[in-house]
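Structural features, examined
The primary structure of each chain is shown beneath.
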Amino acid sequence: MTSSDTPLARAGRRLGVAGRTASGPAFRALTAPPVARAGHRIATRAARLWGRILGGEERQVGDLTVVSGLPSWAFGRGGTTVGAVFLTKDAVTPDILEHEDVHRRQWERYGLWFIPMYVAAGADALQNRFEVEAGLELGGYLPKPRRNLNGAAGSTRG
């Protein structure tokens, strides 16, 4: 079973189809600012609680709350943003935090509806529109272009 054929991925695709089919009024209602803000607040509180229960260290970086020092099983990949909270063990470089701040804004825009939308977008980060929007290089999914001596982007080949 591939990652795109898991029960969660299939459910996400079905939700995505349902959302697109009903997209007019239903989607607008689910993502209306008051509803999205409420979902964003719920997700943020739940993520902060999760981080505290697991003994994470919390700090604020702009509008993003970073909870680090967590066990690697407590989040996906190198870290996961839920609401306005980035949960991670130690992935706290400026580039990654910039990438995760885009996910924070996506949560603000879509609220809890962001969960099925993200799942429906697929597990392949290179094809997931939310990861692409957040910046694949910043998130560590693609190598950053190397700069030559005059500061211009050069080839990544050595």
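Refer to the structure printed above.
Our subject in this report is the structure included herewith.

Definitions and limits used
Residues numbered from 1 in each chain as written. Predicted model: local features only at pLDDT ≥ 70, side-chain atom pairs only at ≥ 80, totals over all residues. Heavy atoms only, no water. Helix = DSSP H or I, 4+ residues; strand = E, 2+ residues; numbered from the N terminus. Buried < 20%, exposed > 50% of the residue type's maximum accessible area, 1.4 Å probe, protein only. Contact = heavy atoms within 4.5 Å. Areas by Shrake-Rupley, 256 points an atom, 1.4 Å probe, with all protein chains shown as cover. Core = buried A, V, L, I, M, F, W, Y, C linked by side-chain atoms within 4.5 Å. Pairing = 2+ DSSP bridges. Axes fitted to C-alpha atoms, helices over the stretch in contact; angles between N-to-C directions. Parallel < 35°, antiparallel > 145°, perpendicular 65-115°, else oblique. Nonpolar A, V, L, I, M, F, W, Y, C, P; charged D, E, K, R; others polar.

1. Points about the overall build of the protein chain
From N to C terminus, the protein chain includes six helices and four strands. Buried positions account for 34% of the 158 residues belonging to the protein chain. Here the contacts in the protein chain between residues at least 6 apart in sequence split such that 43% fall between residues at least 24 apart. Carbon and sulfur atoms form 59% of the exposed surface of the protein chain, whose accessible area is close to 9,300 Å².

2. With respect to the nonpolar core
A43, W107, Y110, W113, F114, M117, A121 and F130 form the largest nonpolar core, which has eight residues in total. Contributions of two or more residues to this core are made by α4 (94–110) and α5 (114–121). Among all residues touching M117, those that are not within four sequence positions of it are F27, Y110, R129 and F130. Residues V67, L70, F75 and V85 belong to the second largest nonpolar core, which totals seven residues.

3. With respect to the sheet that holds strand β2 (residues 64–68)
Taken together, the four strands give an open sheet; going across it, the order is β1-β2-β4-β3, and neighbouring strands pair in mixed fashion. Strand pairing shows two members of the sheet lacking a second neighbour, β1 (57–61) and β3 (79–82), which therefore form its edges. Going from strand to strand, the sheet's axes swing by 20 degrees on average, the running direction of each strand aside. Two elements, β2 and strand β4 (residues 85–88), share three bridges in a ladder whose sense is parallel. Residue pairing across strands places V66 opposite F86, the latter belonging to β4. The sheet contacts of helix α3 (residues 33–53) involve β1, β2, β3 and β4, and relative to β4 the element is tilted by about 30 degrees.

4. A closer look at unusual backbone geometry
The phi dihedral of R77 is positive, around 45 degrees, even though this residue is not glycine. Note on R77: relative accessible area 51%, which makes it exposed.

5. Quick word on the pairing of β1
Moving residue by residue along a regular strand, the side chains alternate between the two faces of the sheet. Relative to β2, β1 runs antiparallel, the two being bridged by five bridges. Paired with E57 across the two strands is S68, which belongs to β2. Hairpin connection, β1 to β2: the antiparallel pair is bridged by two residues, and G62 has positive phi, about 65 degrees.

6. Comments concerning the packing of α3 against α4
Two numbers describe how α3 lies on α4: the axes approach to 6 Å, and their chain directions differ by 130 degrees. In terms of their interaxial angle, α3 and α4 are classed as oblique. Here α3 contributes A36, H40 and A43 to the contact with α4, which in turn contributes R104, W107, E108, R109 and Y110. Residues that form the contact of α3 with α4 fall into these classes: four nonpolar, one polar and three charged.

7. Here we look at the packing of α4 against α5
Here α4 crosses α5 at 120 degrees, and the two axes come no closer than 9 Å. Overall, the two elements α4 and α5 adopt an arrangement that is oblique. Residues H103, Q106, W107 and Y110 of α4 pack against F114, I115 and M117 of α5.

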